Amino acid sequence: MKIFFTIANWKMNLGLKDSVKLARAVIKIKNNHKKNKIVLCPSFTSLERVGSLIKRTPLELGAQDMFWEERGAFTGEISPAMLKEAGVKYVILGHSERRNYLKETDKIVGLKTRAALKNGLIPIVCIGETAEERRAGNYWRVLSGQIAEIFRDLKLSPGVRIFVAYEPIWAIGTGKFLDAAAAAEAHLFIRKKISEIFSSTVARSNFTIIYGGSVDSKSILGFTKEQEIQGVLVGGAAQKLASFKELIKKSQCL
């Protein structure tokens, strides 16, 4: 049975009050949790409260970022150990917005990935090309380079899980999205490159590849029908109850 992941990235949009309110409402949404796993990623200030609310539910908790050291003089940063203590299971790493505004590199994303795995967190590693790179036809080379740098010399223990979120940067927050068939083609390419670094067995058993980029209730159906697409990372459509509820409803049409 295919398990489809719906990962909600609330970004810097919902404060504590609104995060709690939305989390309570999401708990009540009818969902086949055996087929559709839902992960909520609120802001740092809301993690503990949201985590407490969903603790005894099928919903799971994710964070939007973390630092690569466990402790130290890194003012304003959040360590993987702190996230683990707060009940976090997943953590988004290398989102294009952090790459753009905070100049995070593939090397930094690689360091964070290793730190997440060391602390028992499941990293959701974001990769993707810009509009210019896609127009130039360089996106396969860009994706290949990102994968090679982030996972360079990484040793994986049995049973370790890593998510790779393919997010065409030109699609994030723009209302544009890659059609499902083209996204599935990219996912096949990504898994092939992961196989070259590890093995085909590891690429299949340890890696979950999902799509992100202006996913909404209209586009979700196409993504659920592609076998290579194992889930979605959702931004805007997951921040309001009506649109999130509709998206969850349609994501069960596997």
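The coordinates are above.
Residues numbered from 1 in each chain as written. Predicted model: local features only at pLDDT ≥ 70, side-chain atom pairs only at ≥ 80, totals over all residues. Heavy atoms only, no water.

(A) Layout of the packing of aromatic side chains. One pass over the full model with this rule turns up eleven aromatic pairs. Aromatic side chains Phe5 and Phe163 sit 4.9 Å apart centroid to centroid with 90° between the ring planes, which places their arrangement in the edge-to-face category. Linking Phe5 in strand β1 (residues 4-9) with Phe163 in strand β6 (residues 162-166), this pair joins segments that are 158 residues apart in sequence. Grouping residues by exposure puts Phe5 and Phe163 together as buried. Put simply, the rings of Phe5, Tyr90 and Phe163 touch in pairs and so form one group of aromatic residues. In this arrangement the basic side chain of Arg134 is found over the ring face of Tyr139, its NZ or CZ atom lying 4.1 Å from the centre. (Phe/Tyr/Trp six-rings, centres within 6.5 Å; stacked < 30°, edge-to-face > 60°. Helix = DSSP H or I, 4+ residues; strand = E, 2+ residues; numbered from the N terminus. Buried < 20%, exposed > 50% of the residue type's maximum accessible area, 1.4 Å probe, protein only. Lys NZ or Arg CZ within 6 Å of the ring centre and 35° of its normal.)

(B) Up close: helix α11 (residues 241-251). Looking at α11, one finds that the buried residues are Phe244, Leu247, Ile248 and Ser251. What you see down the axis of α11 is that its buried residues fit within an arc of 100°, all on one side. Exposed residues pointing more than 90 degrees away from the buried face of α11 are listed as Ala242 and Lys249. If you follow the buried residues of α11, they end up packed against β1, α1 (16-27), β2 (36-41), α10 (220-225) and β8 (231-234). (Arc of directions from axis to C-beta. Contact = heavy atoms within 4.5 Å.)

(C) The arrangement of the pattern of salt bridges in detail. According to the stated counting rule, one finds 16 salt bridges in the structure shown. A salt bridge links Arg98 to Asp65; the shortest N-O distance between them is 3.1 Å. In this pair, Arg98 is assigned in helix α4 (residues 96-101) and Asp65 in the loop between β3 (60-63) and α3 (80-85), connecting sequence segments 33 residues apart. Residue class for Arg98 comes out partly exposed when judged on its relative accessible area of 23%. Overall, Asp65 belongs to the buried group, its relative accessible area being 4%. Among the charged side chains, a salt-bridge network with shared partners connects Asp65, Arg98, Glu104 and Lys112. (Salt bridge = Lys/Arg side-chain N within 4 Å of Asp/Glu carboxyl O.)

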